Amino acid sequence: VEPGGDPLWQLKARKVVHDQKNKVIEYSDAFLEISGVPVAYTPYFSHPDPTVKRKTGFLVPSAGGSTSLGTTLTAPFFWNIAPDRDITFPPTITSKEGLHLAGELRNLNAASRTDVKGSLTYDSSDEFRGHIDTVYRRDINDTWRGGFDLKRASDDTYQRRYGITSPKTMTSRAFAEAFRGRDYLAVDSFLFQGLQETDSAGETPIVLPMVEYSHVSNPGRFGATTSFDLNALALTRTEGHDTKRLSMAGGWHLPRIGRLGEVMDVTLSLRGDMYHATNLSIDGQDGTDSGIAGRIRPEASATWRFPVARTDGRITQTLEPVASATISPNGGNPSSIPNEDSMDLELDDTNLFSSSRFTGLDRVEGGPRFSYGVKWAATGKSGGNSSFFVGQSYRVRDDDTFGEGSGLEDNFSDIVSRVNISPGALVDFSYRTRLDKDNLSPRRNEISFAAGPPALRVKSDYVFFERQQGLEFGGREEVSGSLVGQINRYWKSSFSGRYNLENSGDLRNVALNLTYECECFTFSTTLRREFFEDRDIKPN
């Protein structure tokens, strides 16, 4: 509101009554004025007074339109059932697909939380479509808690077509877990619904059950701890192989700080895995096999770090060389052991010094191996900071467990590096890469950049990685960005887009937003163009 001017909007009435008992303000012969000009009249109007935080009634409506749905109008209704329970109904009328119904039930008390979302519609082909997304959590006592997630959709593309946030996989889960001291126990079960065109319902496993137990002892002499881990699961499919696994591991861990400030961690462990598989495909052969397989793996690893710091004026610099060595038997991944949880493999700065770069238990790294690198960081007293890391690993013996393009297929691994530069609030730059060890060509690049004040801020992200042989995930190269500008005190605008750089390249989406916001009013409108296609989802 400009000083001395009319507010953007106001209500005027012949009579105004504040019912303090019922916490309601009532108007008789009410006018709505915008910038001092009457635009609407009603003989009666009421709303809760400012002391009321939750009240049954209609929420702010929204209108829009799209190629696939036509003109849309959403008028949400909020039902305040109780202080700890409410329901929101946001029905949407579409000109091309009819009425779309949705709702959300929320319940929260001291011991449990429930959030139930769902929707349904009959589309223009008179086909029923809908989804449910339920989350329930309950604290049983100080040790145990449990809950379940129920997430299912009528078909793969329904949620994306109707503008509902959709993951690539709908994951339903029921679980119970216990925490006591330094012990943890979880009993889990999972049911997956893949929403991608390449997903096969018959080959998607049902996990029932999966049991995990972890124990870490209190520090003993010299600060050493012992650990015990157990994992048991059963995977069942209607098509393909079934897997049952029992894995147990015990370990001893010793952290030490030397007289010069060097930091060492020594770990000794022994792990045993047993598998029972049925209808397991044999690599390079026709037919399937069933039976029991297992392995026993001792492993010893040590990590050494020597951080040194120096302060010069307002800048503190830290230099930290890092090295690790791991010794375990060669091999350990026969074809009779199915790979269920180690399909994804990515060598980067976060796992270079891990004893195993695999994401799960079904695949293990074998043989002597070494990793080395150096970290550098500078921090200013005003809050700015920059950091750099570069590292590599070496394997005494080749391991065909790692496919071509993984960066670990040869004795020397690819070189991984990370750079972060943030001298202040106006600039933030991050770069992560994996370089071919032979010619230093990039095999993976991730760049994130943001600069400028709130009045004009630009953000950009670039990602590139090659496809790895033997993995189900493809390569990618794309760039995305946004430009956000504060035009004046009330108006701001943003422009964003995403571009696929693979092959000949194509624009994935582009959006333009314009927003007006003051103390008592917000108006926002967005124009978005989608070029993505997937079955009944067309450019939109």
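Just so you know, these numbers come straight off a predicted model, no measurement behind them. (Residues numbered from 1 in each chain as written. Predicted model: local features only at pLDDT ≥ 70, side-chain atom pairs only at ≥ 80, totals over all residues. Heavy atoms only, no water.)

Quick word on the packing of aromatic side chains
Heads up, the condition is: Any two rings among Phe, Tyr and Trp, with Trp reduced to its six-membered ring, count as a pair given centres within 6.5 Å; such a pair is stacked if its planes are under 30 degrees apart, edge-to-face if over 60, and tilted if neither. Only DSSP runs of H or I reaching four residues or more are called helices, and only runs of E reaching two or more are called strands; each is numbered from the N terminus. Remark: exposure states derive from per-residue accessible area (1.4 Å probe, protein chains only) relative to the maximum for the residue type, with buried under 20%, exposed over 50%, and partly exposed in between.
Using the criterion set out here, one finds 16 aromatic pairs in the structure. With centroids separated by 5.0 Å and ring planes inclined at 75 degrees, the aromatic side chains of F58 and F77 adopt a geometry described as edge-to-face. Residue F58 is found in strand β4 (residues 57-58), and its partner F77 is found in strand β7 (residues 77-82); the two are separated by 19 residues along the sequence. The class for F58 is exposed, based on a relative accessible area of 66%. With relative accessibility at 27%, the residue F77 sits in the partly exposed group.

As for the pairing of β7
Quick reminder of the rule: In this scheme, strands are said to pair when DSSP sees at least two bridges between them.
For β4 and β7, the ladder comprises two bridges, and the chain directions are antiparallel. When the bridges of β7 are listed, F58 appears paired with F77. The hairpin formed by β7 and strand β8 (residues 85-89) contains two residues between the paired strands.

Notes on the pairing of strand β25 (residues 415-424)
The pairing of strand β24 (residues 385-395) with β25 spans seven bridges and is classified as antiparallel. Paired with S387 across the bridge in β25 is N420. In terms of strand pairing, β25 meets strand β26 (residues 427-435) through eight bridges, oriented antiparallel. Among the inter-strand pairings, R418 is bridged to a residue of β26, identified as R432. Turn length for the β25-β26 hairpin, with the two strands adjacent in sequence and antiparallel, is two residues.

Side note on the nonpolar core
Note that soluble globular proteins tend to have their nonpolar side chains buried in a common cluster. The cut-off we apply is this: Among buried residues, those of type Ala, Val, Leu, Ile, Met, Phe, Trp, Tyr and Cys that are joined through side-chain atoms within 4.5 Å constitute a nonpolar core. Whether two residues touch is decided by their heavy atoms; if any such pair falls within 4.5 Å, the residues are in contact.
One finds L345, L347, L352, F358, F389, F402, L408 and V416 forming the largest nonpolar core, which totals eight residues. Other than its neighbours up to four places away in sequence, L408 contacts L347, R357, S393, R395, F402 and S413. Residues F190, V207, M210 and L235 belong to the second largest nonpolar core, which totals five residues.

What to know about unusual backbone geometry
L208 connects to P209 through a cis peptide bond whose omega is -5 degrees. Residue placement: P209 occurs in strand β16 (residues 206-216). Of note, the phi angle at F222 is positive, near 65 degrees, even though the residue is not glycine. Relative to the helices and strands, F222 resides in the loop between β16 and β17 (225-236). Despite not being glycine, R535 shows a phi value in the positive range, around 55 degrees. As for its placement among the helices and strands, R535 is situated in the segment after β32 (522-530).

Thoughts on the side chain of R357
Rules: Side-chain atoms alone can form a polar contact between residues adjacent in sequence; in general such a contact is a pair of N or O atoms within 3.5 Å, and within protein one must be able to donate a hydrogen while the other accepts it.
For R357, the position within the fold is in the loop between β22 (315-327) and β23 (369-380). By relative accessible area, which is 4% here, R357 ends up buried. One polar contact links R357 to E365, side chain to side chain, over a distance of 2.7 Å.

A few points about the environment of W144
Here W144 lies in strand β13 (residues 144-153). Residue class for W144 comes out partly exposed when judged on its relative accessible area of 32%.

Take it as geometry only, folks, not as evidence of what the structure does.
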